[in-house]
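Residues per chain, in single letters:
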Amino acid sequence: MGWLRHLLGERVPADFDGTLDDGEHVVGGAAVEGGGYLLVTALGLWIPGPRRVGWHLVGKAAWSDGVLTLTESEEAGTAGKAVLLADKTPIRFRLTRPGKVPILLRQRVDGSIRGRHRKDLETGGAWFVERKVPGQDGTVLQVRPDPGTDVDVIKAIAEEAAEKLAKPRG
């Protein structure tokens, strides 16, 4: 039966009250202590609520002592074709039987990243990350300024970088 699960994916728990998109399949899952599930699909990580966090919006994820700490990013604006991100407050999920979830999470997040660069300025800095957005063609340049960094300076740099990335390479 293991080969069938490998081909078809994991089952959606009977009491999961989210709605997967057509063609979206669970490849790994774990019950969260206190209720709900973490479900891994090609499009993102389903968290209790339930709601899906796209792989391109997982800012950070850490696994330690049976607890997954997730820092979700939100789109806070744009700079030309670049997207500015801000981190939400981290949330923690205790998993008594994590299964493959921590490994799959790491693989999916790492797999969404096509390139990254750190830009340090005199008054802070920012991460510039080129990522694949699940279900879309191409990539997007995401920029996460450090707290206290002059956002207008970062926007100017991001806009120029996004233009350069959009030009055909030859």
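Refer to the structure presented above.
Conventions used here
Residue indices begin from 1 for each chain and proceed along its sequence in written order. Per-residue local features are limited, in this predicted model, to residues with pLDDT of at least 70; the limit for side-chain atom pairs, both in listing and counting, is 80 or more; totals at the level of whole chains, interfaces and linings are taken over all residues. Think of the side-chain values as coming from all heavy atoms in the structure, minus any hydrogens and water. Any two strands are treated as partners once DSSP identifies two or more bridges connecting them. By definition, any uninterrupted DSSP run of H or I lasting at least four residues is a helix, any uninterrupted run of E lasting at least two residues is a strand, and each is numbered from the N terminus. Axis geometry follows a simple rule: fit a line to the C-alpha atoms, using only the stretch in contact for helices, then measure angles between N-to-C directions, giving values from 0 to 180 degrees. Contacts between residues were defined by any pair of non-hydrogen atoms, one from each residue, lying within 4.5 Å. Expected span of a helix, by definition, is 1.5 Å for each gap between consecutive residues, and there is one gap fewer than residues. When a residue's accessible area, from a 1.4 Å probe over protein chains only, is under 20% of the maximum for its type it is buried; when over 50% it is exposed; and in between it is partly exposed. Within this analysis, the arc is defined by the directions that extend from the helix axis to the C-beta atoms. Two rings belonging to Phe, Tyr or Trp (six-membered ring only in the last case) form a pair when the distance between their centres is within 6.5 Å. Interplanar angles under 30 degrees mark stacking, angles over 60 mark edge-to-face geometry, and anything in between is tilted. Here a polar contact is recorded for every N or O atom pair within 3.5 Å, except that within protein the pair must consist of a potential hydrogen donor and a potential acceptor, and residues adjacent in sequence are included only if both atoms are side-chain atoms.

> Residue-level account of the sheet that holds strand β3 (residues 44-47), with values.
A sheet is described by the order of its strands in space; here 4 strands give the open sequence β1-β2-β3-β4, paired in antiparallel fashion. Edge positions in the open sheet fall to β1 (26-31) and β4 (51-54), since each of these has one partner strand only. Within this sheet the neighbouring strands show an average axis-to-axis angle of 20°, counted without direction. Inspection of the sheet shows strand β2 (residues 37-41) paired to β3 by 2 bridges, in the antiparallel sense. What sits directly across from V40, in β3, is L45. Relative to the sheet, helix α2 (residues 101-112) contacts β1, β2 and β3, its axis offset from that of β1 by approximately 135°.

> Residues and numbers for helix α3 (residues 151-166), please.
With 16 residues, α3 extends 22 Å between its outermost C-alpha atoms, agreeing within 8% with the 22 Å of an ideal straight helix rising 1.5 Å per residue. Along α3, the positions that sit buried rather than exposed are I154, A158 and A162. Take α3 and look down its axis: the buried residues cluster within an arc of 65°, on one side only. Those residues of α3 that are exposed and aimed more than 90 degrees away from the buried face are D152 and K164. Tucked into the core, α3 has its buried residues touching β6 (67-79), β7 (82-87), β9 (113-121), β10 (124-132) and β11 (139-145).

> Could you give me a rundown of the packing of aromatic side chains, with the residues and numbers involved?
This model, assessed by the stated rule, comprises 1 aromatic pair. When the centroid spacing of 5.4 Å and the interplanar angle of 90° are considered together, the rings of F16 and W46 count as edge-to-face. Of this pair, F16 sits in the loop between α1 (2-8) and β1 while W46 is found in strand β3, placing the two residues 30 residues apart along the sequence. As far as the burial class goes, F16 and W46 line up, both buried.

> Can you break down the pairing of β1 residue by residue, with the values?
Direction of pairing for β1 relative to β2: antiparallel, over a ladder of 5 bridges. Considered in β2, the bridge of A30 is made with L38. The turn joining β1 and β2, which pair antiparallel and follow one another in sequence, is formed by 5 residues; a positive phi near 95° is taken by G34.

> How would you sum up the side chain of S73? Please name residues and give values.
Counting through the fold element by element, S73 comes out in strand β6. With a relative accessible area of 1%, S73 lands in the buried category. A polar atom in the side chain of S73 sits 3.1 Å from the side chain of D87. In contact with S73, other than residues within four places in its own chain, are L57, G59, L85, A86, D87 and R144.

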